[in-house]
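This is what each chain is made of:
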Amino acid sequence: MIPKIIHYCWFGRNPLPELAQKCIASWKKYLPDYEIKEWNEDNFDVNIIPYTAEAYAQKKYAFVSDYARFWILHKYGGIYFDTDVEVIRPIDDIIARGNFMGFETDPNPAKGDASNASVNPGLGLGVNPGLGIIEKMMHYYDGQHFEFVPGGIGQLTIVHIATEVMEKAGLKQEEGIQKVDDVWVYPAEYFCPINLTTGRIHVQPNTRTIHHYAGTWQDKHFSFKEWLKKLLPECLLLKILELKSKH
């Protein structure tokens, strides 16, 4: 049984934003008998490895959290949510089934190895302590050094790391729920009901959580292009992006 504790990380000593408070309130609503524990500079050693020390020194706290969640879950087990994950429906059945995580982008069997399928350990990750696959994700950081890439293009992220580890463990380019190394991996509709191209949310009957993609690790710059994307009908936006990709 996955321990009844929800972990989240909040480094940097800034107050929790309104979105994070809303999301934590949703955890309390749908998982009322779970302890909620914040991890920060006071109870986690940010200098535990060079990667986290360097990320912290550059005030890129989300990357400290990337490693910290694996260390915490391997040691204690439980559930981990990013602070921008809102629970919208009960997840008791998923927890009862066993260790779980979710696809951020679903496999596309038609593309085979060219599929951009990915898993994201921030959407909702629940495990028992000592799980081997979590240990492998944690040790991926051994010997790594942190270097922030402005704009994020080519940035080594937790999504890249977790996906690579899961693929080596047997994650397949197949639709539906998969079991990989004692972890149930759920389609994107469960924990990530968002079109990553358009940013539009599409809640489905199976949707349990919504990852709002606060993107605290990215440099934020307002642009007319981003503003326009929010206003255009999604079908029109997709058509424009399709035409643009052909030129």
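Everything below is about the structure printed above this text.
Worth saying up front: this structure is predicted, and the values here are computed from it rather than measured.

Cut-offs applied
- Residues numbered from 1 in each chain as written.
- Predicted model: local features only at pLDDT ≥ 70, side-chain atom pairs only at ≥ 80, totals over all residues.
- Heavy atoms only, no water.
- Buried < 20%, exposed > 50% of the residue type's maximum accessible area, 1.4 Å probe, protein only.
- Helix = DSSP H or I, 4+ residues; strand = E, 2+ residues; numbered from the N terminus.
- Pairing = 2+ DSSP bridges.
- Phe/Tyr/Trp six-rings, centres within 6.5 Å; stacked < 30°, edge-to-face > 60°.
- Salt bridge = Lys/Arg side-chain N within 4 Å of Asp/Glu carboxyl O.
- Arc of directions from axis to C-beta.
- Contact = heavy atoms within 4.5 Å.

(A) Just the pairing of strand β5 (residues 100-105), in detail. Summarising burial for β5: five of the six residues are buried, a large majority. Bridging between β5 and strand β9 (residues 183-186) involves three bridges; their strand directions are parallel. What sits directly across from glycine 102, in β9, is tyrosine 186. Direction of pairing for β5 relative to strand β6 (residues 118-120): antiparallel, over a ladder of three bridges. From the neighbouring strand, glycine 102 faces β6, where its bridge partner is asparagine 120.

(B) Broad picture of the packing of aromatic side chains. Under the counting rule described, the total for this entry stands at 17 aromatic pairs. Taking the centre distance of 6.4 Å and the plane angle of 70 degrees together, the rings of phenylalanine 63 and phenylalanine 148 count as edge-to-face. Of this pair, phenylalanine 63 sits in helix α3 (residues 61-76) while phenylalanine 148 sits in the loop between α5 (132-139) and α6 (158-168), and the two are 85 residues apart along the sequence. Each member of the pair, phenylalanine 63 together with phenylalanine 148, is buried. Ring geometry for tyrosine 186 versus tyrosine 190: centroids 5.0 Å apart, planes at 55 degrees, classification tilted. Comparing tyrosine 186 with tyrosine 190 shows no difference in burial state: the two are buried. Aromatic ring contacts, followed pair by pair, group Tyr51, Phe63, Tyr67, Tyr141, Phe146 and Phe148 into a single cluster.

(C) Region of interest: the pattern of salt bridges. Counted according to the given criterion, the structure contains seven salt bridges. Residues joined by salt bridges that share partners form a network here, namely Asp66, Arg69 and Asp82.

(D) Spotlight on helix α2 (residues 50-57). Of the positions making up α2, those classed as buried are Tyr51, Thr52 and Ala55. For α2, the buried positions fall inside an angular range of 90 degrees around the axis, keeping them on one side. For α2, the secondary structure elements touched by its buried residues are α3. At the C-terminal side of α2, lysine 59 shows a positive phi close to 60 degrees.

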